[in-house]
Amino acid sequence: MQLSLKWLKDYVDLRCSIKEYCHRMTLSGSKVEGFSEQKLDFVVIGQVKNMEKHPNSDHMFITQIDIGESELLQIVTGAQNVNIGDFLPVATIGADLPNGLKIKKSKLRGVESNGMLCSLSELGLTKNDFPYAIEDGIFIIDPKDLGANSENSPIGKNAAELLGLDDVSVEFEITSNRPDCLSVIGLARETAATFNTIYSVEEPSFKGVSGENNLSVTIQNSEKCKRYCAGLVKNVKIEPSPRWMRERLKSSGVRPINNLVDITNYVMLEYGQPMHAFDLRFVDGEKIVVRDAFDGEKIMTLDGVTRELSSDMLVIADATHPIGIAGIMGGEHSGIMPDTNTVVFESAYFEPISLRKTAKKLGMRSDASSRYEKGVDPKISLTCLKRAFELVELLGAGEVIDEIIDVDYTQATPACVSSNKNLPLSTSGFCDSQEILNFSNKIPLYLDAEWTNDFLGTNISEKDMVDYLERLDFTVVTKGTIFERGKITVPSFRIDIESKADIAEEIARLYGYDNIQSTKLRGVAEAEFTNEQKFIRTVNTICSAVGCNEIATFSFISPKELDKICLPIDSKLRNTVKISNPLGEDTSIMRTTTIPSMLEIIAINNNNRNLSGKFFEIGKEYIPTSPDTLPKELDRLTIGCYGETDFYILKGIIETLLEKIGILKTVYNTPNGEFEEQIALHPYRCAVIGAKISQNPDDKKFIPLGIFGQIHPNVAKNYDFDTPVFVAKLEIDTLLQLSKNETIYKSIPKFPSITRDLALVCDEKITSYQLETIIKKSIGSIFESISLFDVYRDQKLGENKKSLAYSIVMRSPDSTLTDDLADKAIAKTLKNISELANIR
Amino acid sequence: MKEKLEQIKTLAISEICTAENTKQIEELRVKFLGKKGELTNILKQMGSLTAEERPIIGQVANAVRSDIENALSEKKSLLEENEKNAQIEKEYIDITMSGKKPNIGHLHPLTIVSDEIKEIFLGMGFSVSQGSEVEFDEYNFTKLNLPENHPARDTQDTFYITEKILLRTQTSSVQVHVMEEEVAKAKAENRELSPIRIISPGRVYRSDAVDATHSPLFHQIEGLVVDKGVTMADLKGTLETLMQKLYGADCKIRLRPHHFPFTEPSAEVDVMCFKCKGTGCSMCKQEGYIELLGAGMVHPKVLQGCGIDPEIYSGFAFGLGLERIVMRRYGITDMRLLYENDVRFLKQF
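## Some words on the domain arrangement of chain B
With domains assigned, chain B is organised as domain 1 (2-90) and domain 2 (109-346). Each of domain 1 of chain B and domain 2 of chain B has a C-alpha centre, and the two are 89 Å apart.

## Looking at the side chain of T194 of chain A
With respect to the helices, strands and loops of the structure, T194 of chain A is situated in helix 4 (residues 184-195). Apart from residues lying up to four places away in sequence, T194 of chain A is in contact with R24, M25, S28, R471 and L510 of chain A.

## Looking at the interface of chain B and chain A
Tallying the contact residues gives 84 residues for chain B and 85 residues for chain A. Between chain B and chain A, roughly 7,100 Å² of surface is buried when both sides are summed, and carbon and sulfur atoms account for 54% of that area. The largest per-residue losses of area from chain B upon contact with chain A belong to N149, P257 and E264 of chain B, which jointly make up 9% of the total buried on that side. A salt bridge links E291 of chain B to K31 of chain A; the nearest nitrogen and oxygen atoms lie 3.9 Å apart. Connecting chain B to chain A are 43 residue pairs in polar contact (both at pLDDT 80 or more). Ranked by residues supplied to the side of chain B that touches chain A, first place goes to helix 8 (residues 232-247) of chain B with 8 residues. For the side of chain B that touches chain A, a count of residues per class yields 35 nonpolar, 26 polar and 23 charged.

## Considerations on the pairing of strand 12 (residues 225-234) of chain A
Residues and elements named next belong to chain A. Counting buried positions over the 10 residues of strand 12 gives 9, a clear majority of the element. Sheet analysis places strand 12 next to strand 20 (residues 343-350), joined by 8 bridges and oriented antiparallel. By the bridge assignment, C229 is partnered in strand 20 with S347. Across 2 bridges, strand 12 lies against strand 21 (residues 399-400) in antiparallel orientation. Directly across from K234, in strand 21, lies its bridge partner E399.

## Points about the domain arrangement of chain A
Put simply, an interface is often sized by how much accessible area is lost when its parts join up. Residue and element names in this part refer to chain A. Assigned domains of chain A: these are domain 1 (2-38 + 167-195), domain 2 (43-163), domain 3 (216-427), domain 4 (437-515), domain 5 (531-738) and domain 6 (754-835). Taking only C-alpha atoms into account, the centre of domain 1 sits 23 Å from that of domain 4. At the interface, 10 residues of domain 1 touch 10 residues of domain 4. Together, the buried faces of domain 1 and domain 4 total about 950 Å²; carbon and sulfur atoms form 50% of this surface. The tally of links from domain 1 across to domain 4 stands at 1 salt bridge. Between E190 and R509 there is a salt bridge, with the nearest N and O atoms lying 2.8 Å from each other. One can count 3 residue pairs in polar contact (both at pLDDT 80 or more) joining domain 1 with domain 4. Tallying contributions element by element places helix 4 first for the side of domain 1 that touches domain 4, with 4 residues.

## Section: unusual backbone geometry
Residue E264 of chain B is joined to P265 of chain B through a cis peptide bond whose omega torsion reads -5°. By the secondary structure assignment, P265 of chain B is in strand 7 (residues 263-272).

## Remarks on the environment of S241 of chain A
Residues and elements named next belong to chain A. Turning to its location among the elements, S241 is positioned in the loop between strand 12 and helix 5 (243-251). Given a relative accessible area of 2%, S241 falls into the buried group. Separated by 101 residues in sequence, S241 and I140 place their C-alpha atoms 21 Å apart. Sequence-distant contacts of S241, defined by excluding residues within four places in its chain, comprise N128, R246, N258, N259, D262 and L395. A distance of 2.5 Å separates the side chain of S241 from the side chain of D262, its partner in a polar contact.

## Some remarks on the pattern of salt bridges
Throughout the structure, instances matching the rule amount to 74 salt bridges over all chains. Here R256 of chain B and D270 of chain B are joined by a salt bridge, their closest N and O atoms 2.8 Å apart. Of this pair, R256 of chain B sits in strand 6 (residues 253-260) while D270 of chain B sits in strand 7, placing them 14 residues apart in sequence. Here the residues in one salt-bridge network are R178, D180, R189, E190, R494, D496, E506 and R509 of chain A, joined through shared partners.

Cut-off values and rules
- Residues numbered from 1 in each chain as written.
- Chains lettered and ligands numbered in written order.
- Predicted model: local features only at pLDDT ≥ 70, side-chain atom pairs only at ≥ 80, totals over all residues.
- Heavy atoms only, no water.
- Domains from an automatic or database assignment.
- Helix = DSSP H or I, 4+ residues; strand = E, 2+ residues; numbered from the N terminus.
- Contact = heavy atoms within 4.5 Å.
- Buried area = accessible area lost by both parts, 1.4 Å probe.
- Salt bridge = Lys/Arg side-chain N within 4 Å of Asp/Glu carboxyl O.
- Polar contact = N/O pair within 3.5 Å; in protein donor to acceptor, adjacent residues only side chain to side chain.
- Nonpolar A, V, L, I, M, F, W, Y, C, P; charged D, E, K, R; others polar.
- Buried < 20%, exposed > 50% of the residue type's maximum accessible area, 1.4 Å probe, protein only.
- Pairing = 2+ DSSP bridges.

Structure (structure tokens):
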């Protein structure tokens, strides 16, 4: 909402700086986003005292201008319409004009010029603002416009001030609960309440002429249209509006068009009530029917688009056709044309929800429709119509026929009257709570000072509370019986007030949120992180300790990502939660696997020429259940790395993690369909991570914890990876379930150990795990640990052979192990191993 | 013989004095005191002495030996010290050469700040509740006093999955779940409602195109307190504590009236500009304060909808945008950096 401060001052006496105004309004709840001052600094009114032809030019003049200083100002001008004695706007040195021109001292063909005489356009004006001025010359100001008289010389005064161009426009952010503040009067009310001063609005009135008014108005759907006021203006004279109105519209961010359109906009800005004006010629039968549209009925709207309507939409129709979509947009003929003679003015109240649905369905939004959607004051329809007619008469824009129509269903008993302007009307913008009750079934409210103070944590006196509420046009009964006392009457424009808490807010904001003294929460509350939260922290800590950087990725991905990781068409992971209105395909499905997100980040880093990276993220996968239930959201740990890394580095990270969280009995197998993402991994360089279930080493059963490996070359190609990339995905919930965080100290061995190295040459197909199992078993109770320290392949070893070198540590817990015992254990090991084929 | 002994002593001491290293000292020890050394050689001639002379010469010989030994050992320790010092000096390294850093990982700035905030609240007795991101419209809107066709729904451009299921636009959805669960627990155990103090951090979604200050996915931290006698002054105090712990003890906050459908009274909370301390600068657009979060007293309709009697209980709620706090904290000016995850960015935190 853009507010003209000049306009505001029509209603409220404001005496403070603009900065203070903005600050205090913001703190009382009308947030000011900013303000712009219309400024014409250094432009003053001057009078031409002398002028002569320029000696070196045949069209220029040297003028001597009185700007109220001791010496006359010499200005050279090329204009031909200047005469001695003229009052004109003078831009002096330092002026910064609206068209971007900066005034400096200069010489024109050798003659000094100390400023510039201004034209209309140089001041940001048009002929519509000052119709008597010419456009291709200096703006010679009519002395009447300057209020010039013998006592009060305009000379030297700021031109903007004298010409009324010094408005300040304040930009408010009005919240959706306060549509009443989307108007000058609404903000005047807030201003007065904030500054504890008064505001006054006079009830509009117009003279009117007697004339025929055959117009009839029928409301067929009084649920959706609670009030419709209409009147006629004949013999309209369409012309530009006067300057004051144009200036105010411009300050409010509305472009002036012509007097009739400007009047409807002016009233809308002033009262917040949308107005509509249309040509009576196109109202067939001079009948206005507010009715539901017929299914499939068509209307061409003002913007030239043909729209198909449905029966849930409300239209303004004449005897035969719809002529407008109620509160949203008029029909094609509803504009004002140069040959228009008689205009219908409409001021109505439409029910917000259905209007909102219609606007949404048709994809149409206008200033009027958005006001109706938020809710206008149901009581001001007639006032606004009268205000419009008052302005029509003020501007001489036509003759108002004094008989106006007001069909009103807002009252307890529906009224349908054709009323004369002189009928007494309750149109001040207020109604008593009884009316509110009838109107929107609200429960009556009472002021409960004790409750309010307890709720706010304040100590505001009841008297002050009443004062705050009264400043906002609420009334509070302070006398009478116990049932009457404290009863609050809410003004009709405050559609947001429903409960005690709302009243508390009104009190609090005028008391000042700043004045509420902070207190600490009382009482003891137990709080701790849940096991899951602690676990996630632990995993974060371990992953970063082993050198991985945490990333944050979007939860939605493109379905193409699933293609990029080569998921088959029938993969379960292709059954996703789909966003029905995505921003674009890239973010259109909720991911069912975190692996593409990781690969995207690796791709970004790789493309950014980062040579290597290790990343991790604990993020969710979203697995659909049924259309009516929420998907499962499962936490996954994803690890990814590239550059200066290999399969075993990633495996080492995983092993460290599992060890640290207390999952000790693990197994690494060739994947066998445990995870769909298997397809994205190199078939010979990937593994499923399992936790063994049984202590028995022969029991092969395991719980799958996750999968990891090198990216399949096909997938790597899809992401343009030029270096091997490795990823892992582990299921947080399974890890948490199996993790044991109880560490029991093992005593540090007292007796020395013996280490023996073994190099075993075997078939490629024999796995390290197989060998280690035999070694462990053979060495028996003195086995302590084993580590693989070298893998060697050479032609000399033979085709498909490898040499694995292990370092085996043996120790006896209760004596010094002898070489003899150690050698025996190794001999037994070798014997057992050689029983497996092809090992030496 | 006595003279010979004295000569040996003089010779030995002078040679010891000129010795240059411990090796020479050892050679001198052998030369003078060794089995075939000069002193031994002299002493071998003791047999030729008279019985009277023997003890006297013996005494002299012992004194000479002891003097030489002392000289040797003194010189030796001196030389050893010198050699050690020389060795230490040789071990000079260029301390300006860069260190070899261990390859550590880093937590994402969003996690770092979120963890910090969680700990601050834990200290004030708030538990952490998690909610689902894919949520029923009912919990994201309707039960938060945002009925269907409420104009405020427009301000949160929502991603819908079906008509009834959406991606939550605010962590406030968790409020309703927590209150409903607590009410159910109290009913089941036939007791009155326990005090509720929770925060709920998590991802929220709005259909804003990605730019420097917008993202269709971002993080909020919701807070909710419900108990008997909870006041707006408590809300102010709680937020003050939070901001002072986050930004320092001299941090000031300002509450401004605002509107959220699920709180009444509602407030927007500004924090005093860190740069200008409230006087107005370019960072705060001359306002002296920076808008940081939304808060308010839980709307009676919301309480009622969860089965909590607003006549007996009251509460407050607040929601802060994590990205905004993170960006301010680290001086990050483009939100996209948080989701691009360039390793050169990640390693800075």
